[in-house]
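Structure at a glance
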Amino acid sequence: MDSVEGRAWLEWWANSSTLLGSVEVAVVITTSGAGWDAHGCLTSANDEDREGFAFLCDLDPVFLLRFEDESTVAVTVRPTGEHRRFTLTEYTGPAWRSIEHHIDL
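My aim in this report is to walk through the structure given alongside it, one point at a time. This structure is a prediction, so every number in the text was calculated from the model and none was measured.

How each quantity is defined
- Residues numbered from 1 in each chain as written.
- Predicted model: local features only at pLDDT ≥ 70, side-chain atom pairs only at ≥ 80, totals over all residues.
- Heavy atoms only, no water.
- Helix = DSSP H or I, 4+ residues; strand = E, 2+ residues; numbered from the N terminus.
- Expected span 1.5 Å × (residues − 1).
- Buried < 20%, exposed > 50% of the residue type's maximum accessible area, 1.4 Å probe, protein only.
- Arc of directions from axis to C-beta.
- Salt bridge = Lys/Arg side-chain N within 4 Å of Asp/Glu carboxyl O.
- Core = buried A, V, L, I, M, F, W, Y, C linked by side-chain atoms within 4.5 Å.
- Contact = heavy atoms within 4.5 Å.
- Pairing = 2+ DSSP bridges.

Right, let's talk about helix α1 (residues 47–59) for a bit. Taking 1.5 Å per residue, 13 residues should reach 18 Å; α1 reaches 18 Å between its end C-alpha atoms and fits that length. Of all the positions in α1, only Phe53, Ala54, Leu56 and Cys57 are classed as buried. Along the axis of α1, the buried residues cluster in a sector spanning 170°; they form a single face. Exposed residues lying more than 90 degrees from the buried face of α1 are Glu48 and Asp58.

In structure tokens, the structure reads:
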């Protein structure tokens, strides 16, 4: 099998029990040498979904990609300028990372 196309979800977890966001995506994954290449787009045209996705990407681009069969892989998301399309690479860093975010009131 050289490529897989299908529906999946990009999930952003704050910790092992708190899912802060999930967005449905269409992905295309192809084999590339010893690895793989992947790209996709949000399935929703809703601006609220796009804005939430953009916020989480800016906060930390590491998401869990969940397929319809419930299998998962940690990925780094690299969105395009409008945050509707993106490329994915496998995340190989530490399982837990500290993230700091401040909201100015």
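So, about the pattern of salt bridges. Applying the stated rule across the entire model yields seven salt bridges. Salt-bridge contacts for Arg84 lead to Asp47; the nearest nitrogen and oxygen are separated by 2.9 Å. Taken together, the residues span a long stretch of sequence, with Arg84 in the loop between β5 (72–79) and β6 (85–90) and Asp47 in helix α1 at a distance of 37 residues. Overall, the relative accessible area of 45% leaves Asp47 in the partly exposed class. For Arg66, the salt bridge is made with Glu70, and the minimal N-O distance between the two is 3.3 Å. Through salt bridges with shared partners, one network takes in Asp47, Arg50, Glu51 and Arg84.

Membership of the largest hydrophobic core comes to 18 residues, with the highest contact counts inside it found for Leu10, Val25, Phe53, Phe63, Val77, Phe86 and Leu88. Of all the elements in the fold, those that place two or more residues in this core are β1 (3–15), β2 (18–32), β3 (35–42), α1, β4 (62–67), β5 and β6. The element best represented in this core is β2, accounting for four residues. Those residues in contact with Val77, other than ones at most four positions away along the chain, are Leu10, Phe53, Cys57, Pro61, Phe63, Phe86, Thr87 and Leu88.

The next thing to look at is the pairing of β3. Relative to β3, β2 runs antiparallel, the two being bridged by eight bridges. Residue pairing for β3: Ile29 is matched across the bridge by Ala38. From the end of β2 to the start of β3, which pair antiparallel, there are two residues, and Gly33 there has a positive phi angle of about 60°. As paired strands, β3 and β6 are joined by four bridges and run antiparallel to one another. The residue of β6 that forms the bridge with Cys41 is Arg85.

Take it as geometry only, folks, not as evidence of what the structure does.
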